[in-house]
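What follows is each chain in one-letter form.
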Amino acid sequence: MIRYNISENDAPERQLRAIHLWSSGSSGEIQDAEIYNNTVYLTPSAKGTPKAQSGGMSNIKIRNNIFQTTSGQELVLVDRLTDLKFEGNYWTTGAPSG
């Protein structure tokens, strides 16, 4: 479980997301994970856009979180997940700058 966290601009130097799940798929699968009641705020990083690839995950529930970005940043990046559920989240993003 990932719960009750406040994240502001975490891990920009590594180009990761504030909440980041990773599994190689070959060494074990992340199953039945719950991510809830978190607040995440992201502004643009000088090091580029965070990217992530994942595999071997199933039954992930993301619920009752607050996600906010600025300057048109991506709110969610999903790659190769099975049975992903978003429930009751609040999403907002600022307009692209420039």
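The structure presented is a predicted model; accordingly, all values stated were derived computationally and were not measured. For every chain, the first residue of its written sequence is number 1, and the numbers climb from 1 along that sequence. Since the coordinates come from a predicted model, pLDDT governs what is reported: local features require at least 70, and pairs of side-chain atoms require 80 or more to be given and counted, while whole-chain, interface and lining totals use all residues. Water and hydrogen atoms play no part in the side-chain values, which are based on all heavy atoms of the structure.

Peer 1: In this structure, what is going on with the nonpolar core? I would like to understand it.
Peer 2: Nonpolar cores are built from buried Ala, Val, Leu, Ile, Met, Phe, Trp, Tyr and Cys residues. Side-chain atoms within 4.5 Å join them into one set. Each residue is assigned to one of three classes by its accessible area relative to the maximum for its type, calculated with a 1.4 Å probe on protein chains only: buried under 20%, partly exposed between the two thresholds, exposed over 50%. Core analysis: the biggest nonpolar cluster contains eight residues, these being Ala-33, Ile-35, Val-40, Leu-42, Met-57, Ile-60, Ile-62 and Phe-67. Each helix is a run of H or I in the DSSP string that is no shorter than four residues. Each strand is a run of E no shorter than two, and both are numbered from the N terminus. Only strand E5 (39–42) and strand E6 (57–63) provide two or more residues apiece to this core. Broken down by element, this core gets its largest block of residues, three residues, from E6.

Peer 1: Would you explain a nonpolar patch on the surface in this entry?
Peer 2: Nonpolar side chains collect at one region of the surface, where Val-76, Phe-86 and Trp-91 lie side by side and expose about 240 Å² of accessible area between them. For Val-76, a relative accessible area of 37% puts it in the partly exposed group. Only residues whose relative accessible area exceeds 30% and that form no salt bridge are eligible for patches; like-charged ones are grouped when within 9 Å, while nonpolar side chains (Val, Leu, Ile, Met, Phe, Trp, Tyr) are grouped when within 5 Å. All accessible-area figures derive from a Shrake-Rupley calculation using a 1.4 Å probe, and residue coverage is judged against the displayed protein chains alone. The term salt bridge refers to a side-chain nitrogen of Lys or Arg lying within 4 Å of a carboxyl oxygen of Asp or Glu.

Peer 1: What's the story with the pattern of salt bridges in this structure? I'm lost.
Peer 2: In this structure the tally under the stated criterion is two salt bridges. For Arg-63, the salt bridge is made with Glu-34, and the minimal N-O distance between the two is 2.5 Å. With Arg-63 in strand E6 and Glu-34 in strand E4 (residues 34–36), the pair connects residues that are 29 residues apart, well separated along the chain. With a closest N to O distance of 3.5 Å, Lys-85 and Asp-83 form a salt bridge.

Peer 1: Please explain the environment of Asn-89 as it appears in this structure.
Peer 2: By the element assignment, Asn-89 lies in the loop between strand E8 (81–87) and strand E9 (90–93). In this structure Asn-89 touches Ile-62, Arg-63, Asn-64, Asn-65 and Phe-67, once residues within four positions along its chain are discounted. Only 2.9 Å separates the side chain of Asn-89 from the backbone oxygen of Ile-62, close enough to count as a polar contact. Only heavy atoms matter for contacts: two residues are in contact if any of them lie within 4.5 Å across the pair. Whenever a nitrogen or oxygen atom comes within 3.5 Å of another N or O atom, the pair is scored as a polar contact, on the condition that within protein one atom can donate a hydrogen and the other can accept it, and that pairs from neighbouring residues in sequence are kept only if both atoms are in side chains.

Peer 1: Looking at this model, I keep getting lost on the packing of aromatic side chains. Mind explaining?
Peer 2: For any pair of aromatic rings, geometry is given as the distance between the ring centres together with the angle between the planes. Pairing of aromatic rings covers Phe, Tyr and Trp, the last counted by its six-membered ring, and requires centre-to-centre distances within 6.5 Å; plane angles under 30 degrees mean stacked, over 60 mean edge-to-face, and any other angle means tilted. One pass over the full model with this rule turns up three aromatic pairs. Ring centres 4.8 Å apart and planes at 20° place the aromatic pair Phe-67 and Trp-91 in the stacked group. Of the two residues, Phe-67 is situated in strand E7 (residues 66–69) and Trp-91 in strand E9; the sequence distance between them amounts to 24 residues. For Phe-67, a relative accessible area of 10% puts it in the buried group.

Peer 1: I'm lost on the side chain of Asn-38 in this one. Help?
Peer 2: Position of Asn-38 relative to the elements: it lies in the loop between E4 and E5. When its relative accessible area of 1% is taken as the criterion, Asn-38 is described as buried. Polar side-chain contacts of Asn-38 include one of 3.2 Å to the backbone oxygen of Ile-2. Residues within four places of Asn-38 in sequence aside, it is in contact with Ile-2, Arg-3, Tyr-4, Asn-5, Ile-19, Asn-64, Asn-65 and Ile-66.

Peer 1: What am I meant to see in the pairing of E7 here?
Peer 2: Two faces make up the sheet, and in a regular strand the side chains alternate between them. By the alternation rule, side chains of E7 split into Phe-67 and Thr-69, which are all buried, and Ile-66 and Gln-68, of which none is buried. Pairing between strands requires that DSSP locate at least two bridges from one strand to the other. In this structure, E5 lies alongside E7, joined through four bridges in parallel fashion. Of the residues in E7, the one forming a bridge with Leu-42 is Thr-69. Where E7 meets E9, four bridges bridge the pair, whose relative direction is parallel. Paired with Ile-66 across the strands is Tyr-90, a residue of E9.

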